[in-house]
Structures are given as structure tokens and as C-alpha cells.
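Reading the structure
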Amino acid sequence: MSQDAGTDPLIIRRLEFIGGMKEALGWRPPSELPEIAFSGRSNVGKSALLNRLVRRRAIARVSRTPGRTREINFFRVNDQFVLADLPGYGYARISRERKADWRPLIEGYLGRTPRLAGVVQLLDIRREPNEDDVSMLDFLSALELPTIVVLTKADKISRAQAEARTAALASGLGVDVDQTIRFSAATGEGRDELAAAVSDLVNKAS
Ligand code: GDP
């Protein structure tokens, strides 16, 4: 949780919004740098996590702009990698057809990005993964994409409960506990661990 630049695994020197992708075959940034995608259902805490990760509010500001909430928003980080903020899926208040809207865009992007270095999949630590979460994880595993599972809002339960939930979720999803990171945007828990995991994926891909 250190804010000390000397130990920060991901120091953000530059962060630049480079555009949004609206449909599966629509505009996307040129594939020059490794890309890391962030995925999760609406309200899982993705904006809060991204703000913590990059230590600025720029991402939430862009991604919440009307018209951009259903796009994939791309940010170039340090001229080192591209961060792809996927639209939150499965918003409960929209109809079943609208719910399915995210699939062609998200799956099209994930399936057609040769420089995709990995995906950070967010799950609320207190909730059971729903159908959409499971289908996303299955899709990532079918594509053999390196996946980091982040369990968000860890501050909402006790440490003992958080440990039990981590073990239960990992075993239910068939992933190793080591592949999961407990995260809290409220306390900063997990920020540096996530930053290190993202840097690792980027360095492996560079
Ligand atoms: P998004 O839709 O996935 O981008 O979710 P947001 O980041 O907007 O968060 C949804 C709600 O959960 C907001 O009310 C946040 O304040 C809250 N939230 C997000 N992360 C955390 C967290 O780590 N701890 C707590 N207590 N609340 C959080």
C-alpha cells in the first residue's frame, strides 16, 4: 500500500485517452503496444479500482461520459501499454436483449487483439459469480488469455470472511488462490499487488 515512488511497481508518468471502440468491427487503436483489459459486471467497482491503480481520476471521468459507458475505452499508459476499460456487463435494469449487447463487442475485441497480454477480471468478493461472470471466465480460458481475478470491495467484510470467500470463489471457479488478488478501493489493499501483476504481464509481452 506504499505511496512511495521508490517501491511502486507501476509508476504512471503519462496517461492518455486514445479513443473508444463502439462495435466489434469498429475503430480500435493500432496494435503497437501490449494491451491489458479490465472486465467486470456493472457496479463491481471497476472505476474505483482503475482510479486507485493509476492514482488519477481521468479514467472514471472518460468512461462515465454519456455515450462512452457502453464502449471499450482505451488509454495509453507511459507509452508502455494500452489499458482497455471494457463496458460493465449485465446491468440488472436493462432488458435481456440489451444485456446481450456487450457480447459481440467484448468477445470480438478479446478474440481479435493479437497483442492482448492479459485480462483483469473483477468479481465482488461478497457475491456469487453470475452467469455472465462465468461465461466471461470460460471465454478467457478458451482463448488461453492470462487472467488475473480481482476480488473487489474486500473492506466490506472482515479479514477472516475475506479469506474464506477467496478460497470458496477460487475453488468454485477452478482457479488457483495465487491467481486472485483481494482489492479495496476504499483502503488501497491490493493496489500494489495488482500493479505488480499488470507490470509483469506487460513486461512478458514487451
Ligand atoms: P463500476 O460500475 O464497476 O465502475 O463501479 P464503481 O467503481 O462505480 O463502484 C460502484 C459502487 O461501489 C460505488 O458506490 C463505489 O463507491 C462502491 N465501491 C467501489 N469499490 C469499492 C470498494 O473497494 N469498497 C467499498 N466499500 N465500496 C466500493
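Structure: see above.
What counts, and at which threshold
- Residues numbered from 1 in each chain as written.
- Predicted model: local features only at pLDDT ≥ 70, side-chain atom pairs only at ≥ 80, totals over all residues.
- Heavy atoms only, no water.
- Helix = DSSP H or I, 4+ residues; strand = E, 2+ residues; numbered from the N terminus.
- Rg over C-alpha atoms; globule rule 2.2 N^0.38 Å.
- Buried < 20%, exposed > 50% of the residue type's maximum accessible area, 1.4 Å probe, protein only.
- Contact = heavy atoms within 4.5 Å.
- Salt bridge = Lys/Arg side-chain N within 4 Å of Asp/Glu carboxyl O.
- Near = heavy atom within 4 Å.
- Polar contact = N/O pair within 3.5 Å; in protein donor to acceptor, adjacent residues only side chain to side chain.
- Nonpolar A, V, L, I, M, F, W, Y, C, P; charged D, E, K, R; others polar.

With respect to the overall build of the protein
Each helix and strand in the protein was counted, giving seven helices and seven strands. Sequence-ordered secondary structure for the protein, helices as α and strands as β, is β-β-α-α-β-β-α-α-β-α-β-α-β-α. Computed over its C-alpha atoms, the radius of gyration of the protein comes to 16 Å, within 12% of the 17 Å expected for a compact globule of 206 residues. Along the first, second and third principal axes, the C-alpha atoms of the protein reach 45 × 45 × 30 Å. The 206 residues of the protein split such that 48% are buried. A separation threshold of at least 6 residues defines the contact pool for the protein, and within that pool the share at least 24 residues apart is 75%.

Some words on the pattern of salt bridges
Enumeration according to the criterion identifies 20 salt bridges in this entry. The closest approach of N and O atoms between D133 and R41, which form a salt bridge, is 3.0 Å. Here D133, found in helix α5 (residues 131-142), pairs with R41, found in the loop between β2 (35-39) and α1 (46-54); they are 92 residues apart in sequence, far enough to count as distant. Summarising the burial analysis for this pair, D133 and R41 share the class buried. A network of salt bridges, in which partner residues are shared, links D8, R55, R191 and D192.

Some points on the site of the ligand
By nearness alone, 14 residues border the ligand, and N43, K46, S47, D155 and A185 come closest of all. With respect to the ligand, the side chain of D155 contributes an N or O atom lying 2.7 Å from a nitrogen atom. Between the ligand and A185 there is a distance of 2.7 Å, counted from an oxygen atom to a backbone nitrogen or oxygen. Here the shell around the ligand is composed, by residue class, of four nonpolar, five polar and five charged.

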